[in-house]
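Residue strings, one per chain:
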Protein chains: 2
Amino acid sequence: MSAASTSPRASEHRRRAARLPATRFDKRLGEILAHATDVFCKKGYEGASMRDLSRTSGMSLAGLYYYFQSKERLLFLIQKHTFTTIVEQLKTRLEGVGSAEQRIRIFILNHLEYFLSNQAAMKVLSHEDDALKNGFASEVKAIKREYYRICVSLLDELKRERGLQFSTRIAVLSLFGMMNWIYTWHHPRVDADADELARQMSDIFLCGVMNAARGRHRE
Amino acid sequence: MSAASTSPRASEHRRRAARLPATRFDKRLGEILAHATDVFCKKGYEGASMRDLSRTSGMSLAGLYYYFQSKERLLFLIQKHTFTTIVEQLKTRLEGVGSAEQRIRIFILNHLEYFLSNQAAMKVLSHEDDALKNGFASEVKAIKREYYRICVSLLDELKRERGLQFSTRIAVLSLFGMMNWIYTWHHPRVDADADELARQMSDIFLCGVMNAARGRHRE
DNA sequence: GGCTCATTCGAACGTTCGTTCGAACTGAGT
DNA sequence: ACTCAGTTCGAACGAACGTTCGAATGAGCC
């Protein structure tokens, strides 16, 4: 995991010193974030103690505070980095893809691929959704809203393209539920991989919204 | 919330005394469970302290321990009662309903209705899924498996009835994801009620599995 | 070898945690 | 009025919590 250097103390140091190209601090921070992600995934944010993180990352308890100011900020860094990465990756993949259906399939595939490749981080992102407070919470919520809006616009495209009528909000949030819930049940050894999962969920969801919207069940 | 009298200490008392019809203890316990459910919902199991529960339920810290032996057992009682109730209610509603599609619609409606009527309890059940350990965990897991199996059998019915082919496991868990995820976004004041939600999710899911299974996307 | 800043750590801070204990209170049965 | 089990509580327990501080160590530069 790579991490942006956001610690005021450390960035100040590096600006004044300007010796090492700022990679050393960021690299070590990234390692700590990776270990912390595993611990938060296994024990939950509240259930994990700084001493757990110290043991897992092989750094002393006090040493951790050189890299971030508080436990809450640590969770914030994990969530922000994870969410930012998945949104960026999505935008890249969506470029130049025309049909609305294909764009939604890419959205689903991107989400599930990233989810299964970074299961711990995505569980922490999904499960510790309201663990942050105030400024930290609102910054993550902003990225979340952007991600949500992208999905809404994709679905609205589909509705326009095909003349469908259904509640975009319910459809989008149902789709997120389908996808995010996998952190509660997916076991890499026995369950389908991201491609297969994306194919099946896309089929269910797309056939669902396209047929239900004009089928016998809806007005 | 009514609660079974499962405390060894108290049941022993009541068996010997046999004065009050065992309702007094259970009623008070039920009130405490209801308050505790709200606190667990708001702050999470690990994040909620016994002192929080004491304040909310208006009983002294030590007094709480007369009604249950530990914080973990308290969570267990909440989860077991909630899960047992929803399963029982489902079984009653499924009696005498013939078509597989209709039975699945009832399953979804029952789940969402109970979810929205008992949002706090269902969030605690969903979100604190792996907070329990050992014996407590396995007992709740057993009910969960039974509930899962019911949904699997309903979908297998549908597949047999209509000659469909798709992964039951992925379909069932996608459906659970759609439904359970609502605890992260549903606001009773602005969002659709259980009937409307059940109709839309049922349409998406049923049209999804029925068309995707023989449509152009699947072999 | 000394200088300087980046990094690490042992030890302790004050607070909060879940839980326990013995005493006090309550209320129906005699 | 007395009894006795059911119920409640104040006070305290040891443990674990997040965080801080000053000293020790590390590594690149003169």
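Residues numbered from 1 in each chain as written. Chains lettered and ligands numbered in written order. Predicted model: local features only at pLDDT ≥ 70, side-chain atom pairs only at ≥ 80, totals over all residues. Heavy atoms only, no water.

Trainee: Got a minute to help me understand the overall build of chain A in this structure?
Mentor: Of regular secondary structure, chain A possesses 10 helices and 0 strands. For chain A, the sequential pattern of α-helices and β-strands runs α-α-α-α-α-α-α-α-α-α. Long-range contacts, defined as pairs at least 24 residues apart, comprise 72% of the intrachain contacts of chain A with a sequence gap of at least 6. With the model as given, the accessible surface of chain A reaches about 10,500 Å², and the carbon-plus-sulfur share is 50%. (Helix = DSSP H or I, 4+ residues; strand = E, 2+ residues; numbered from the N terminus. Contact = heavy atoms within 4.5 Å. Areas by Shrake-Rupley, 256 points an atom, 1.4 Å probe, with all protein chains shown as cover.)

Trainee: So what exactly am I meant to see when it comes to the interface of chain B and chain A here?
Mentor: Size of an interface: often given as the accessible area lost when the parts come together. The partner chain A presents 39 residues to the 39 residues of chain B that form the contact. Together chain B and chain A conceal approximately 3,600 Å² of surface at their shared face, both sides included; 61% is due to carbon and sulfur atoms. Taking the shortest distance from any N to any O, the salt bridge between aspartate 191 of chain A and arginine 169 of chain B comes out at 2.7 Å. Remark: the boundary between chain B and chain A carries 7 residue pairs in polar contact (both at pLDDT 80 or more). Going through the elements one at a time, helix 6 (100-117), helix 7 (119-127), helix 9 (168-180) and helix 10 (194-212) of chain B are the ones with two or more residues in the side of chain B that touches chain A. Here the side of chain B that touches chain A gets 14 residues from one element, more than from any other, and that element is helix 10 of chain B. Its residues assigned to classes, the side of chain B that touches chain A shows 16 nonpolar, 11 polar and 12 charged. (Buried area = accessible area lost by both parts, 1.4 Å probe. Salt bridge = Lys/Arg side-chain N within 4 Å of Asp/Glu carboxyl O. Polar contact = N/O pair within 3.5 Å; in protein donor to acceptor, adjacent residues only side chain to side chain. Nonpolar A, V, L, I, M, F, W, Y, C, P; charged D, E, K, R; others polar.)

Trainee: Looking at this structure, how should I read the relation of the copies chain B and chain A?
Mentor: One copy of the chain maps onto the second through a rotation about an axis and a displacement along it. The operation relating chain B to chain A is a screw motion whose rotation component is 180°, with 0.0 Å of axial translation and a residual RMSD of 0.0 Å. Here the transformation between the copies is reduced to the relation of a two-fold axis. Distance from the rotation axis, computed per C-alpha, reaches its smallest value in chain B at glycine 208 of chain B: 1.9 Å. Interface overlap between copies: 100% of the residues of chain B at the interface are likewise at the interface in chain A, consistent with a symmetric, same-surface contact. (Least-squares fit on C-alpha atoms with pLDDT ≥ 70 in both.)

Trainee: Explain the packing of aromatic side chains to me, please; I cannot follow it from the model alone.
Mentor: Where two aromatic rings form a pair, the distance of their centres and the angle of their planes describe that pair. Taken as a whole and assessed by the stated rule, the structure comprises 20 aromatic pairs over all chains. Ring centres 5.2 Å apart and planes at 90° place the aromatic pair tyrosine 66 of chain B and tyrosine 67 of chain B in the edge-to-face group. A network of ring pairs unites the aromatic residues Phe83, Phe107, Tyr147 and Phe176 of chain A as a single cluster. The ring of phenylalanine 166 of chain A is capped by lysine 159 of chain A, whose NZ or CZ atom sits 5.0 Å from the centre of that ring. Taking NZ or CZ as reference, lysine 71 of chain B lies 4.6 Å from the ring centre of tyrosine 45 of chain B, over its face. (Phe/Tyr/Trp six-rings, centres within 6.5 Å; stacked < 30°, edge-to-face > 60°. Lys NZ or Arg CZ within 6 Å of the ring centre and 35° of its normal.)

Trainee: Would you explain helix 6 of chain B in this entry?
Mentor: Every α-helix winds through 3.6 residues per turn, so residues three or four apart in the chain are directed the same way. Over its 18 residues, helix 6 of chain B runs 26 Å from end to end, which matches the ideal 26 Å to within 8%, given 1.5 Å per residue. The element helix 6 of chain B is largely enclosed, with a buried count of 14 among its 18 residues. (Expected span 1.5 Å × (residues − 1). Buried < 20%, exposed > 50% of the residue type's maximum accessible area, 1.4 Å probe, protein only.)

Trainee: Help me out: how do you make sense of the environment of lysine 141 of chain B in this one?
Mentor: Residues and elements named next belong to chain B. Here lysine 141 is to be found in helix 8 (residues 134-162). Using a relative accessible area of 48% as the deciding quantity, one classes lysine 141 as partly exposed. Placed 61 residues apart in sequence, lysine 141 and lysine 80 show a C-alpha to C-alpha distance of 9.6 Å.

Trainee: Where do I start with the nonpolar core in this structure?
Mentor: Across soluble globular proteins, you tend to see nonpolar side chains buried next to one another. Phe107 and Phe176 of chain A together with Phe107 of chain B are the most contacted members of the largest nonpolar core, which has 146 residues in total. Ranked by residues supplied to this core, first place goes to helix 8 (residues 134-162) of chain A with 11 residues. In contact with phenylalanine 107 of chain A, other than residues within four places in its own chain, are Leu90, Tyr147, Cys151, Leu154, Leu175, Phe176 and Met179 of chain A. (Core = buried A, V, L, I, M, F, W, Y, C linked by side-chain atoms within 4.5 Å.)

Trainee: How should the pattern of salt bridges be read in this particular structure?
Mentor: A side chain with one charge can pair with a side chain of the opposite charge if their charged atoms come near. Residues and elements named next belong to chain A. Tallying each qualifying case throughout the model produces 28 salt bridges over all chains. Notably, a salt bridge pairs aspartate 52 with lysine 43, separated by 3.2 Å at the nearest N-O pair. Its relative accessible area of 10% is what places aspartate 52 among the buried residues. Salt bridges here are not isolated pairs; linked through shared partners, they connect Glu101, Arg105, Arg162 and Asp203.

Trainee: Teacher, can you tell me more about the packing of helix 6 of chain B against helix 8 of chain B here?
Mentor: Geometry of a packed helix pair, given as the angle between the helix axes and the separation of the axes. Residue and element names in this part refer to chain B. Two elements in contact, helix 6 and helix 8, have axes separated by 8 Å at closest approach and are oriented at 155°. When the interaxial angle is binned, helix 6 and helix 8 end up roughly antiparallel. Pair helix 6 / helix 8 crosses with left-handed handedness. Contacts from Ala100, Glu101, Arg103, Ile104, Phe107 and His111 in helix 6 reach Tyr147, Cys151, Leu154, Leu155, Glu157, Leu158, Glu161 and Arg162 in helix 8. When its residues are assigned to classes, the contact of helix 6 with helix 8 shows 8 nonpolar, 1 polar and 5 charged. (Axes fitted to C-alpha atoms, helices over the stretch in contact; angles between N-to-C directions. Parallel < 35°, antiparallel > 145°, perpendicular 65-115°, else oblique. Left-handed = near helix turned anticlockwise from the far one by under 90°.)

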